[in-house]
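The chain contents come next:
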Amino acid sequence: ISNNLTNVSTPGYKKDRLAFADLLYANNQNSNQVDGVQATGATRVGHGALVTSAEKDFSMGEFKKTDRALDLAIRGKGFIEVEIGNGEQAYTRAGALRVDNDGYLTTSNGYRLSAMIQVPSDAVSLTIENNGEVFVELPDETELMSLGVIDLAAFMNPNALNPLGQNLYQPTEDSGEVYFGTAGENGFGEVQQGYLEGSNVSL
């Protein structure tokens, strides 16, 4: 609960959900003497509760309009794949993007998108279409230049993803293998530029 409350304002954060079960009951033998008469009996006593599982709740948070060109939200199913080093990938729904020193699109924590989209240093403006295709306007050019497409990733059971922190997740045996698709097609959500998905924690 404290972790959820701490992240109530973190864009793209997904709340933790715990499942509980009661522990085994035991028979306690009682022996009491009332008015000189010995009374005995058994009492069923529970041993409390146990956390049986902890998983993420991937229901969508509220969309917040920012009008910032590098902010994007996924309205529906999907994750953005990023590179986290050592040849490993992770997945996020936090779409507050940045441009690093080499011009690549990254998360707010500096992880490059696997799409490896590089923005020219002289770009005048950047547009991200609903299907994830990224365009830039260059000086003295009448047509927009396509930089590539941000494909979306999905899992059969996203609630079983392993949270790494920094709004990053990796697949587990229970989540299933990652599969990819184009935003807005085959059940994947659309990409919306100029919006951020807020935390799905409700105070």
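The coordinates are above.
Caption draft 1: Inspection of the sheet that holds strand β13 (residues 145–149) at higher detail. Across the sheet, which stays open at both edges, the three strands sit in the order β11-β12-β13 with antiparallel pairing between neighbours. Each of the sheet's edge strands pairs with one partner strand only, and the pair in question is β11 (125–128) and β13. Strand-to-strand twist across the sheet, computed as the mean angle between neighbouring axes with direction ignored, equals 20°. Two elements, strand β12 (residues 133–137) and β13, share four bridges in a ladder whose sense is antiparallel. Paired with Phe-135 across the two strands is Ser-146, which belongs to β13.

Caption draft 2: Seen up close, the pattern of salt bridges. As enumerated under the stated definition, the model contains 10 salt bridges in all. A salt bridge links Lys-56 to Asp-16; the nearest nitrogen and oxygen atoms lie 3.0 Å apart. Residue Lys-56 is located in strand β4 (residues 49–56), and its partner Asp-16 is located in strand β1 (residues 16–22); the two are separated by 40 residues in the primary sequence. Here Lys-56 falls in the buried class, since its relative accessible area comes to 6%. Residue Asp-71 pairs with Arg-68 through a salt bridge whose shortest N-O separation is 2.6 Å. When its relative accessible area of 4% is taken as the criterion, Asp-71 is described as buried. Residue classification places Arg-68 among the partly exposed positions, given a relative accessible area of 28%. Because the salt bridges share partners, they merge into one network encompassing Lys-15, Arg-17, Glu-55 and Asp-57.

Caption draft 3: Just the packing of aromatic side chains, in detail. Summed over all chains, the structure comprises six aromatic pairs. With centroids separated by 5.4 Å and ring planes inclined at 75°, the aromatic side chains of Phe-58 and Phe-79 adopt a geometry described as edge-to-face. Here the residue Phe-58 occupies a position in the loop between β4 and β5 (63–65), and Phe-79 occupies one in the loop between β6 (72–75) and β7 (80–85), the gap between them amounting to 21 residues. For the pair shown, Phe-58 and Phe-79 are each scored as buried. Measuring from ring centre to ring centre gives 6.4 Å for Phe-79 and Tyr-169, while their planes differ by 65°; the resulting arrangement is edge-to-face. In this pair, Phe-79 is assigned in the loop between β6 and β7 and Tyr-169 in strand β16 (residues 168–170), connecting sequence segments 90 residues apart.

Caption draft 4: Just the pairing of β7, in detail. Direction of pairing for β7 relative to strand β8 (residues 88–92): antiparallel, over a ladder of five bridges. Among the inter-strand pairings, Gly-85 is bridged to a residue of β8, identified as Glu-88. Hairpin geometry of β7 and β8 is characterised by an intervening segment of two residues between the two adjacent antiparallel strands and by a positive phi of about 55° at Asn-86.

Caption draft 5: Summary view of a nonpolar patch on the surface. A cluster of nonpolar side chains, contributed by Ile-1, Leu-5 and Leu-203, occupies part of the molecular surface with about 410 Å² of accessible area. Inspection of the secondary structure puts Ile-1 in the segment before α1 (2–6).

Caption draft 6: The arrangement of the side chain of Arg-93 in detail. For Arg-93, the position within the fold is in the loop between β8 and β9 (98–99). Taking the relative accessible area as the measure of exposure, Arg-93 reaches 7% and is therefore buried. In terms of polar contacts, Arg-93 uses its side chain to reach the backbone carbonyl oxygen of Gly-78, at 2.8 Å. Engagement of the side chain of Arg-93 in a polar contact is seen with the side chain of Glu-197, the distance being 3.1 Å. If near-sequence neighbours (up to four positions away) are discounted, Arg-93 is found in contact with Gly-12, Lys-14, Met-60, Ile-74, Gly-76, Lys-77, Gly-78, Phe-79, Asn-167 and Glu-197.

What counts, and where the lines are drawn
Residues numbered from 1 in each chain as written. Predicted model: local features only at pLDDT ≥ 70, side-chain atom pairs only at ≥ 80, totals over all residues. Heavy atoms only, no water. Pairing = 2+ DSSP bridges. Helix = DSSP H or I, 4+ residues; strand = E, 2+ residues; numbered from the N terminus. Axes fitted to C-alpha atoms, helices over the stretch in contact; angles between N-to-C directions. Salt bridge = Lys/Arg side-chain N within 4 Å of Asp/Glu carboxyl O. Buried < 20%, exposed > 50% of the residue type's maximum accessible area, 1.4 Å probe, protein only. Phe/Tyr/Trp six-rings, centres within 6.5 Å; stacked < 30°, edge-to-face > 60°. Patch = residues over 30% accessible without salt bridge, like charges linked within 9 Å, V, L, I, M, F, W, Y side chains within 5 Å. Areas by Shrake-Rupley, 256 points an atom, 1.4 Å probe, with all protein chains shown as cover. Polar contact = N/O pair within 3.5 Å; in protein donor to acceptor, adjacent residues only side chain to side chain. Contact = heavy atoms within 4.5 Å.

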